[in-house]
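Single-letter residue listing:
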Amino acid sequence: MAPATAFSLPSSQNITRVVLPNGITVLVFQMPHLQSVALAGSLNAGAVFEPNDRNGLASMTAAALMRGTQTQDFAAIHSALEDVGADLGYGTGFSTVAYGGKSLAEDLPLLLAQLSDTLRHPVFPDEQVENLRGQRVTELRYAEQDIRTRAERAFRRTLYPSEHVYHRSPYGSLAGLADLTADDLRAFHAQHYGPQGMNVAIVGAVTPERAIDLVSQHLGDWTNPSQPGLPDVQPVTPPAEPRRVHVSIAGKEQTAIVMGTIGPSTTAPDFQATRIANSILGEFGMMGRIGQIVREEMGLAYYAYSQLEGGRGPGAWSIAAGVAPDDVHTAIDAALNEVHRIVNEPVDREDLEDNLAYFTGRLPLRLESASGIASQLIIIERFNLGLDYIANYRDMLYRITLEDVQAAARKYLDPHRFVIATAGPDNGETS
Amino acid sequence: MIETQFAPTTTHHLDNGLTVILREVHSVPVISFWLAYRVGSRNERSGQTGISHWLEHMLFKGTERYPAGVLDKLIDRVGGEWNAFTSMDYTMYYETLPADRIDLALDLESDRMVNASLDPEDVESERTVVISERRDNEDSPTFWLNEELRAAAFRVHGYHHTVIGDMTDLYSMSRDDLIRHYRAHYRPSNAVIIAVGDFDTQQMFSKIERYFGGLPADPAPQLFTRPEPEPQGERRIVVERPGHTAFVRVAYRMPAATDPDWFKLVMLDSILTGPGGNIDNKTSRLYRALVAPGIAASIAGSLQESIDPYLYSIGATVSDGRSPQDAEAAILTEIERIQNDGITQSELDKARKQARASFAYETERVTNQAYWLAQSAMLGEPEWFDRFIDRVSQVTVEDVQHVARRLLIPRRRVIGWLLPTGLQADTETDLEEV
C-alpha cells in the first residue's frame, strides 16, 4: 500500500481565521511539507472608486506603491525582495486591489514588512510616477493593435452603460493616463487605502500563530478614518436590442469575436447553476458545445469558448473565438445556435452529471499549490462563502438540478439582447 | 535552508524499449502521468515544418476505442487536467488525475501511442484549426520578429523554423505525411514515461507494464537532424509590422543544456535580466540600464533548455518615443561591462538564492515535478533538473565573466528589430442587427 497522504481539504477545522481590531481579516492554512509560503489578499481600492474621466487612477496608484516609501527607495524595496527570491505585486480590479506574494518560509517576516511598508507609507516619487506612466503608455499603445483586447473592449463598452465601472478597463486608458499626477495618486491613496475590508491569506510552511503574530505586528496598528466602504453595486440590464459592433484594424490575419450578455454576480443564488450552464455551453470537454461545433466539427478556430465573469458585478457571460475574417458570420451563427439550444432544450442528465463530476473532481488539483489555496481563501472571504465552502462544495453542487441549469440559462442568456463585438480587418463588416 | 533532495526516483525499462521514471510524492492525492516522445520541430524536414505539432493535435481526435470527444469528457469527468505540447525537441502528453483514477491515463496513452485514427475528415478540420492557431500568432507583431530571428540564426538546423511550422507547409502536408511521422516516431523505444505522485512504485510499475508492455518492440527511429555550422559573423534582421511599438532582440548562439557552461549562463542571465518564474527583475542590470531610465518599457531574457545549441535571447520593448538604437546600445553596453569588469560575489549570491527559491516554488506541484523530470529525460540526463541547484551553486564569479567573454561575442549573435509602421486610424462602428 502507498503511504497515506498528508493532505486534507481546507475547512473550518484547519483554516485559522482572525479579525484584527482594526478590521483586517487574516486567514492561515498550514502546509508543513512545503518550503515556501504564499501570500494573497485584497483591499477596497479598485477602479470603482475612480472618477469616470480618470480611468487608470486606481491602477496607477496600486502599481506605484512599490516605487518608493518614506524609508525605502525603489531600489531598496526591490532589492529586499529579489535578493532572497521573494516576490510581491499588486493588481487592480473593478472593486479591489489584489496583492500576491511568495517567499521561502524563512523570509515571510521580510515579505510582510514589505507589504506593510508599501501599503502604508508610499510616497509616489514624481520621477517614478512618470516612469511608470511611460511604461503604461507603451503597453496600451501596443495593445491598440491586439484584436482580442480591442474586441473585448468594444464588447464591454457596448454592454455596460458609460457610468458603470464595468464599461471601462480597470487597467486604465491612454486618455485617462494623460494628465494623472503624482499628487492625484497620493490623494487617492490617502483616502482609499486602509484596513477596513482588507484581508490577508497566508498559506504554506508557517504556523497560524506565527503568521497572525507577524500580520498583527506589521499591520495591526494601521488606521484610516477617511476610508469609505465599497459603494453599492449599480443595477444594470443588458441593452434592450441586440447590438453589433466592429473595430476595424488593417493588416490583421484573424478576427476576434467577443459576444454575450450580463451574467450573475458571484453571490447570486443561481451562480453555481449558471457555472454549470456555462461549462456545458463552452468549457467542459475541450470548450463545451461551442468548442465542439466551432473548433472540432467546423475547424474554424483554434480557440472558441464561453466564460462567466462573476465577481461583485454583475460580470459578463461571454463567448470568445478567433476566426478567419471570412468565417466570422458562420462562427457567430454557430455560437448563437448553441445559445438558443441551451436556452430552449433541456440539458441531458448525463451533461449535468459530467459537469458535477468535473467541478468536484478537479478540486484537489486546484488546491495543490499554496498560492492556489491562498487565492481560494480570499474568494471565500470576499464573497462570504463560509470556511466550509470547500468542504461542502460537493454537497452544494450536487443539489443543483436540471431545471436549475436551464432556468439559469434562460434567465441570463437572451440572444435578442446580445452584444456581438468583433475586431479585425474591415472585410466588408462596416459596409 | 532549501532541501534539494527529492523523494527516491526509480528508472525502469520495458523489453520493448520504453523507459519509465517513477517518483512517489504523497503530499496530495494526485498523480501526474507524462508520456514524452523524442521528436519535435528540430527533426522536421523542409516541406514538413509543423508536422509534429499538427500530429500532437491529431492525437486528441481519438482512436477506435476512445473516439473524438470521448477523451475530453473522460478526463473532465474525473476532474483531471490534461494537455500536450510540442517543442523544438520533443512532444509531451500528460494527465494529472486524482490518484485513484490514474488507470485512465495509462489506458488512453498506451492506446493512442499506436492506434490514433487520423481520420481523413479530422485531418482536414484540424488543418484549419492549426492554420487558425498560426494566424492568431501572426496577429502578434513579436511572433514575426521571433520567427525571423531564429530563421536568421539557423540556416541548416531544424531550429530555424517555428514549432507551429510555415504556413505553406500547413496547406500542403497530407494525411499520409502525418501517418508516416506518427508511425516513425510514436513507439515505445522513442518514448519515456514519467509518473510523479501518490502511488506505490511497485504497483505503478506493474500497471505500466500491463498497459504498455504489449506494445511493439520496434527499434528506436533514426531522428532527422542537421548540425548548424559555426556562425561566421553578426547577422541582423528588421521586421516591419503595423502597430506603434518597437522591439529589439539580441540573441547569441548557446551551447546545449547539458554543456557545463549552461549553468554559468543561468547565473549570467539571472544577473542581466532577472531569474524569471515567480520572481521580479527590477534589480537586474538590464532593468536598471533600460527600464529605469525609460529607454524600454520592459526587458526579458530567454535561455531555453535545448538538446542542440540554441539561443540566449534578450528582448526589450522600446518605450514610446525612444529608439531601438538606444535600446540595443544599452543592452550591448551592459554585456560589455560584464565582459570587462565581471560581476560581484553578492550578485552571484543573490542569483543563487533566487534559483533556490524558484526551485522550491517550481516543485510545489507534482505536475511541475513530472514536467521537469520529462524535460531532463529528453535532454538525455534524467538527473539534470534534480542536480540544478548543486550545479549553479558551483558557479564562480570568474566563471560568469569567462562565459560572457567567450560566448556573448558579435560573431555568435543575431540582432533583430521590429519597427512599427503605425496603425491606420481604426474605427469602431455600430452595425445593424445581425
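The rules behind the values
Residues numbered from 1 in each chain as written. Chains lettered and ligands numbered in written order. Predicted model: local features only at pLDDT ≥ 70, side-chain atom pairs only at ≥ 80, totals over all residues. Helix = DSSP H or I, 4+ residues; strand = E, 2+ residues; numbered from the N terminus. Rg over C-alpha atoms; globule rule 2.2 N^0.38 Å. Buried ≥ 20, exposed ≤ 12 C-beta atoms within 10 Å, placed from the backbone. Contact = placed C-beta atoms within 7 Å. Pairing = 2+ DSSP bridges. Axes fitted to C-alpha atoms, helices over the stretch in contact; angles between N-to-C directions. Domains from an automatic or database assignment. Nonpolar A, V, L, I, M, F, W, Y, C, P; charged D, E, K, R; others polar. Core = buried A, V, L, I, M, F, W, Y, C linked by C-beta atoms within 7 Å. Expected span 1.5 Å × (residues − 1). Arc of directions from axis to C-beta. Parallel < 35°, antiparallel > 145°, perpendicular 65-115°, else oblique.

K.L.:
Now, about the overall build of chain A: what can you tell me, with residues and values included?
P.N.:
When helices and strands are tallied, chain A shows 16 helices and 11 strands. Relative to the 2.2 N^0.38 estimate, which gives 22 Å for 431 residues, the radius of gyration of chain A is 23 Å and therefore close to what a compact globule would have. For chain A, the C-alpha atoms occupy an extent of roughly 60 × 60 × 40 Å along the three principal directions. With 431 residues in all, chain A has 55% of them scored as buried. Taking as baseline every contact in chain A between residues at least 6 positions apart, the subset at least 24 positions apart corresponds to 81%.

K.L.:
Could you give me a rundown of the sheet that holds strand β5 (residues 97–104) of chain A, with the residues and numbers involved?
P.N.:
Residues and elements named next belong to chain A. If you walk across this open sheet you meet the six strands as β1-β2-β6-β3-β5-β4, and the pairing is mixed. Since the sheet does not close on itself, it has two edges, and those belong to β1 (16–19) and β4 (87–92), each with one partner. Averaged over all adjacent pairs, the angle separating strand axes in this sheet is 15 degrees, with direction ignored. In terms of strand pairing, strand β3 (residues 36–43) meets strand β6 (residues 199–204) through six bridges, oriented antiparallel.

K.L.:
Before we move on, could you go through the sheet that holds strand β8 (residues 255–262) of chain A and cite the residues and values that matter?
P.N.:
With mixed pairing, six strands are arranged side by side in an open sheet as β9(A)-β10(A)-β8(A)-β11(A)-β7(A)-β12(B). Since the sheet does not close on itself, it has two edges, and those belong to β9 (301–308) of chain A together with β12 (427–431) of chain B, each with one partner. On average, each strand axis in the sheet is inclined to that of its neighbour by 15 degrees, with strand direction left out of account. Sheet topology places strand β7 (residues 243–248) of chain A next to β12(B); five bridges connect them, and they run antiparallel. Bridge pairing in β12(B) links A:Arg244 to B:Leu431. Contacting β7, β8, β10 (316–323) and β11 (419–424) of chain A together with β12 of chain B, helix α5 (residues 147–159) of chain A runs over the sheet at an angle of about 150 degrees to β11(A). Along the sheet, helix α9 (residues 271–282) of chain A makes contact with β9 and β10 of chain A, crossing β9(A) at roughly 170 degrees.

K.L.:
Give a description of the domain arrangement of chain B that names residues and reports values.
P.N.:
Residue and element names in this part refer to chain B. Per the domain assignment, the segments of chain B are domain 1 (9–212) and domain 2 (235–420). For domain 1 and domain 2, the distance between their C-alpha centres works out to 28 Å. Taken together, the contact pairs 33 residues of domain 1 with 27 residues of domain 2. Of all the elements in the fold, those that place two or more residues in the side of domain 1 that touches domain 2 are β2 (19–24), β3 (30–37), β5 (91–98), α5 (141–153) and β6 (191–197). Counting residues per element, the side of domain 1 that touches domain 2 draws most heavily on α5, which supplies eight residues. The residue makeup of the side of domain 1 that touches domain 2, split by class, is 21 nonpolar, seven polar and five charged.

K.L.:
Quick one: what's the story with the nonpolar core, residue by residue and with numbers?
P.N.:
Membership of the largest hydrophobic core comes to 258 residues, with the highest contact counts inside it found for A:Ile257, A:Ala331, B:Trp34, B:Ala36, B:Ile193, B:Ile194 and B:Ala374. Among the elements that take part in this core, helix α9 (residues 261–273) of chain B stands out by supplying eight residues, more than any other. Filtering out sequence-adjacent residues up to four positions away, A:Ala331 remains in contact with A:Ile257, A:Val294, A:Leu300, A:Ala301, A:Ala321 and A:Val323.

K.L.:
A description of α5(A) should follow, citing residues and the corresponding values.
P.N.:
For α5(A), which comprises 13 residues, the first-to-last C-alpha distance of 18 Å matches the rise-based estimate of 18 Å (1.5 Å per residue) to within 8%. Every buried residue of α5(A) is listed here: A:Ile147, A:Arg150, A:Ala151, A:Arg153, A:Ala154, A:Phe155, A:Thr158 and A:Leu159. As for α5(A), its buried residues are in contact with β7, β8, β10 and β11 of chain A together with β12 of chain B.

K.L.:
Describe the environment of B:Pro67, naming the residues involved and giving the relevant values.
P.N.:
For B:Pro67, the location among the structural elements is in the loop between α1 (51–58) and α2 (70–77). Given 12 C-beta atoms within 10 Å, B:Pro67 falls into the exposed group.

K.L.:
Any chance you could break down the interface of chain A and chain B for me, citing the residues and the numbers?
P.N.:
Each side of the interface is counted separately: chain A has 77 residues, and chain B has 68 residues. The biggest single contributor to the side of chain A that touches chain B is helix α4 (residues 126–143) of chain A, with eight residues. Its residues assigned to classes, the side of chain A that touches chain B shows 34 nonpolar, 24 polar and 19 charged.

K.L.:
Explain helix α16 (residues 402–412) of chain A to me, and be specific about the residues and the numbers.
P.N.:
All names here are of chain A. Listed as buried for α16 are Val405, Ala408, Ala409 and Tyr412. Axial view of α16: buried residues confined to an arc of 95 degrees, hence all on one face. Elements that come into contact with the buried residues of α16 comprise β8, α9, β10, α11 (328–344) and α12 (349–361).

K.L.:
Lay out the packing of α9(A) against helix α10 (residues 284–297) of chain A with the relevant residues and their values.
P.N.:
Residue and element names in this part refer to chain A. Here α9 crosses α10 at 80 degrees, and the two axes come no closer than 3 Å. With respect to α10, the element α9 is oriented roughly perpendicular. Where α9 approaches α10, its residues Ser279, Ile280, Leu281 and Gly282 are matched on the opposing element by Phe284, Met287, Gly288, Arg289, Ile290 and Gly291. Residues that form the contact of α9 with α10 fall into these classes: five nonpolar, four polar and one charged.

K.L.:
Outline the domain arrangement of chain A, supporting the account with residue identities and numerical values.
P.N.:
Residue and element names in this part refer to chain A. By the assigned domains, chain A splits into domain 1 (16–219) and domain 2 (243–424). Measuring from the centre of the C-alpha atoms in domain 1 to the corresponding centre in domain 2 gives 28 Å. At the interface, 32 residues of domain 1 touch 31 residues of domain 2. Put simply, the parts of the chain that give the side of domain 1 that touches domain 2 at least two residues each are β2 (25–30), β3, β5, α5 and β6. Looking at the side of domain 1 that touches domain 2, the element that brings in the most residues is α5, giving nine residues.

K.L.:
Account for the pairing of strand β1 (residues 9–13) of chain B, with residues named and values stated.
P.N.:
Residue and element names in this part refer to chain B. Here β1 runs beside β2; their pairing, made up of five bridges, is antiparallel. Residue pairing in the sheet places Thr9 in a bridge with Arg23 of β2. Between β1 and β2, which pair antiparallel one after the other, the connecting turn spans five residues, and Gly17 there sits at a positive phi close to 100 degrees.

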